[in-house]
Amino acid sequence: MRISLDEAARRLQNGEVVAIPTETVYGLAADATNDIALQKIFTTKQRPADHPLIVHIADISQVTEWVTDFPEVAVELAKAFWPGALTLILPAKHHVSRVVRGGEPTIALRVPNHPIALELLKLSKLSVAAPSANLFTQLSPTTATHVEVGLGADVPVLDGGACQVGIESTIVSVAADGQWQLLRPGMISEADIAKVAGRPQRKVVESDKAAATSTTPKAPGQHALHYSPRTPLFLFKDRAALIVTSEQLIAAGKTCAALLIGDGDMPQCHVAHLSNQPAEVAEQLYGALHQLDALKVDSLLVELPPDTSPWAAVLDRLSRAGFNKHT
């Protein structure tokens, strides 16, 4: 159900959920200070209650309304990358809802880089929690149509066109002493963060891993199976192995489709062919997977990109989409 900007603001102020555009993916938004509204996000998405939500704010000046400490490293990161696809995890003030925090002592914040999202935040005078507008673990939406297909036609959607970044934000936790950790890769890279922070991220050695597990904040999008289409998906590091599998499936009377990255030989099945440029692939990734999923074939065969820094975010999303289905 497509709605106007004014209607979206009104619904959010009345404690309803609204799917909204951002530059990363469409989010299912609700007033971040209204526990009843926040619970509707979890119910609509069928999302576990212990998964924190990212709060979208209109401006860096609002950070101190949510956090007890805004370390200088975090300030510099916000100045460098906001508005943009960077989420900062910082210690939360006591008044911040446990629902939005997922029970954690921290809060996840970002300023979205989308004109309609920013206008909505200003018009509604709200900060909104907005995880991806899809069912839990399923493919993230990058168009209003994706939202309607995934959540149903009754969900109100503010249409802002196709998302330009195309995958979820980079998530970084910053401690009071300025030490930082990359908790979810995105199109703002670890190297980008380190350059602005003036130091590499805190490395966890084997002897510290147990302690780190208890002290590292829980971040959105870290479930082992995530970003996944309904069609069974299988991942391939090698194009030749993908083609062999496609031939075996066809010979057995099964249907399949393939997502390929870069040039090379083609399998004898329906193909979504993406470039060898990480930013272009990120922008088109979920759209391509939605198109292949809609074919309702027996299997989706996906070629993985190289395991290198520029591809880290795309590799993370595909690895979770095909959890335990590597070939």
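Calculation notes
- Position numbers for residues count from 1 along each chain, tracking the sequence in the order it is written.
- For this predicted model, a pLDDT threshold of at least 70 governs which residues receive local features, and a threshold of 80 or more governs which side-chain atom pairs are given and counted, while totals over whole chains, interfaces and linings are taken from all residues.
- Side-chain measures were taken over the full set of non-hydrogen atoms in the model, leaving aside hydrogen atoms and water.
- Just to be clear on terms, a salt bridge is a Lys or Arg side-chain nitrogen sitting within 4 Å of an Asp or Glu carboxyl oxygen.
- The way it works is that DSSP assigns letters per residue, a run of H or I at least four long becomes a helix, a run of E at least two long becomes a strand, and they are numbered from the N terminus.
- Only protein chains enter the accessibility calculation, which uses a 1.4 Å probe; a residue whose area is less than 20% of its type maximum is buried, one above 50% is exposed, and one in between is partly exposed.
- What qualifies as a polar contact is a pair of N or O atoms within 3.5 Å, subject to a donor-acceptor requirement within protein and to the restriction that residues adjacent in sequence count only when both atoms come from side chains.
- At least two bridges found by DSSP between two strands is the condition for calling them paired.
- Helix axes are fitted only over the stretch in contact, all axes being lines through C-alpha atoms; the angle between N-to-C directions runs from 0 to 180 degrees.
- Residues are treated as being in contact if the distance between any of their heavy atoms lies within 4.5 Å.
- Just so you know, the domain bounds were taken from an automatic or database domain assignment.
- Reported buried area values correspond to the accessible surface (1.4 Å probe) lost by two parts on association, with both partners' losses combined.
- Site definitions follow a grid-based scheme: protein atoms alone, a 1 Å grid, a 1.4 Å probe that fits but cannot get out for cavities, and for pockets an open set with protein on both sides within 12 Å along at least five of seven lines, plus lining residues having an atom within 4 Å of a point.
- Grid points are joined across faces, edges and corners, and a volume is the space filled by probe spheres set on the points.
- UniProt positions are given in the numbering used here, feature names are shortened, and annotations may be inferred rather than shown by experiment.

Engineer: Is there a simple way to explain the pattern of salt bridges in this structure?
Structural biologist: Side chains that differ in sign of charge can pair as their charged atoms come close. The final tally for this structure, using the stated rule, is eleven salt bridges. A salt bridge links Glu148 to Arg2, with the shortest nitrogen-to-oxygen separation between them at 2.7 Å. Of the two residues, Glu148 is situated in helix α6 (residues 144–151) and Arg2 in the segment before α1 (5–13); the sequence distance between them amounts to 146 residues. On the accessibility criterion, Arg2 (41% relative accessible area) is partly exposed. Note that Glu7 is salt-bridged to Arg10, the shortest N-O span being 2.7 Å. Residue Glu7 and its partner Arg10 are both found in helix α1; the two are separated by three residues, about one turn of the helix. Looking at Arg10, the relative accessible area reads 36%, which means it is partly exposed. Look at the salt bridges and you will find they share partners, linking Glu7, Arg10, Arg11 and Glu16 into a network.

Engineer: So what exactly am I meant to see when it comes to the side chain of Arg110 here?
Structural biologist: Tracing the chain through its elements places Arg110 in strand β5 (residues 106–110). Given a relative accessible area of 1%, Arg110 falls into the buried group. Of the polar contacts made by the side chain of Arg110, one reaches the side chain of Thr22; its length is 3.2 Å.

Engineer: I'm lost on the sheet that holds strand β11 (residues 270–274) in this one. Help?
Structural biologist: The pairing of strands in a sheet happens through backbone hydrogen bonds and is either parallel or antiparallel. Spatially, β9-β12-β10-β11 is the arrangement adopted by the four strands of the open sheet, whose pairing is parallel. Across the chains shown, the open sheet's two edge strands, defined by having one partner strand only, are β9 (233–236) and β11. Strand-to-strand twist in this sheet, taken as the mean axis angle between neighbours without regard to direction, amounts to 20 degrees. Helix α9 (residues 239–251) rests against β9, β10 (256–261) and β12 (299–303) of the sheet, and its axis sits at about 165 degrees to β12.

Engineer: Can you help me understand the domain arrangement of the chain in this one?
Structural biologist: One widely used convention gives an interface's size as the accessible area the parts lose upon coming together. According to the domain assignment, the chain contains domain 1 (2–213) and domain 2 (233–322). Put simply, the middle of domain 1 and the middle of domain 2, counted by C-alpha atoms, are 28 Å apart. Contacts between domain 1 and domain 2 engage 17 residues on the former and 14 residues on the latter. For the pair domain 1 and domain 2, the summed buried surface comes to about 1,300 Å²; carbon and sulfur atoms form 63% of the total. The tally of links from domain 1 across to domain 2 stands at one salt bridge. For the salt bridge of Glu168 with Arg317, the shortest nitrogen-to-oxygen distance reads 2.9 Å.

Engineer: What should I look at first to understand empty space enclosed by the protein in this one?
Structural biologist: Once rolled over the atoms, a probe with the size of a water molecule shows which space is left empty. One pass over the structure, following the stated rule, counts three cavities of 30 Å³ or more. Together, 20 residues line the largest cavity, and Ile54, Pro131, Ser132, Glu168 and Arg184 are the ones closest to its centre.

Engineer: What is the right way to read the environment of Leu292 from this model?
Structural biologist: Following the sequence through the fold, Leu292 ends up in helix α10 (residues 278–293). Those residues in contact with Leu292, other than ones at most four positions away along the chain, are Ala257, Ala258, Leu259, His270, Ala272 and Leu300.

Engineer: Sorry if this is basic, but what is going on with the UniProt feature "binding site: L-threonine" (unreviewed entry) in the chain here?
Structural biologist: Residues annotated in UniProt with the feature "binding site: L-threonine" (unreviewed entry) correspond here to Thr24, His56, Arg110, Ala130 and Ser169. Judged by maximum C-alpha separation, these annotated positions cover 146 residues in sequence but sit close together in space, the widest gap being only 12.3 Å. Set against the largest cavity, the annotated residues that line it come down to Thr24, His56, Arg110, Ala130 and Ser169. Looking at where Ala130 falls in the secondary structure, it is placed in the loop between β6 (128–129) and α6. Not counting residues up to four positions away in its chain, the partners in contact with Ala130 are Ile20, Gly27, Leu28, Ala29, Ile54 and His56. By the secondary structure assignment, Ser169 is in the loop between α6 and β7 (170–174). Ser169 sits in the buried class, given a relative accessible area of 2%.

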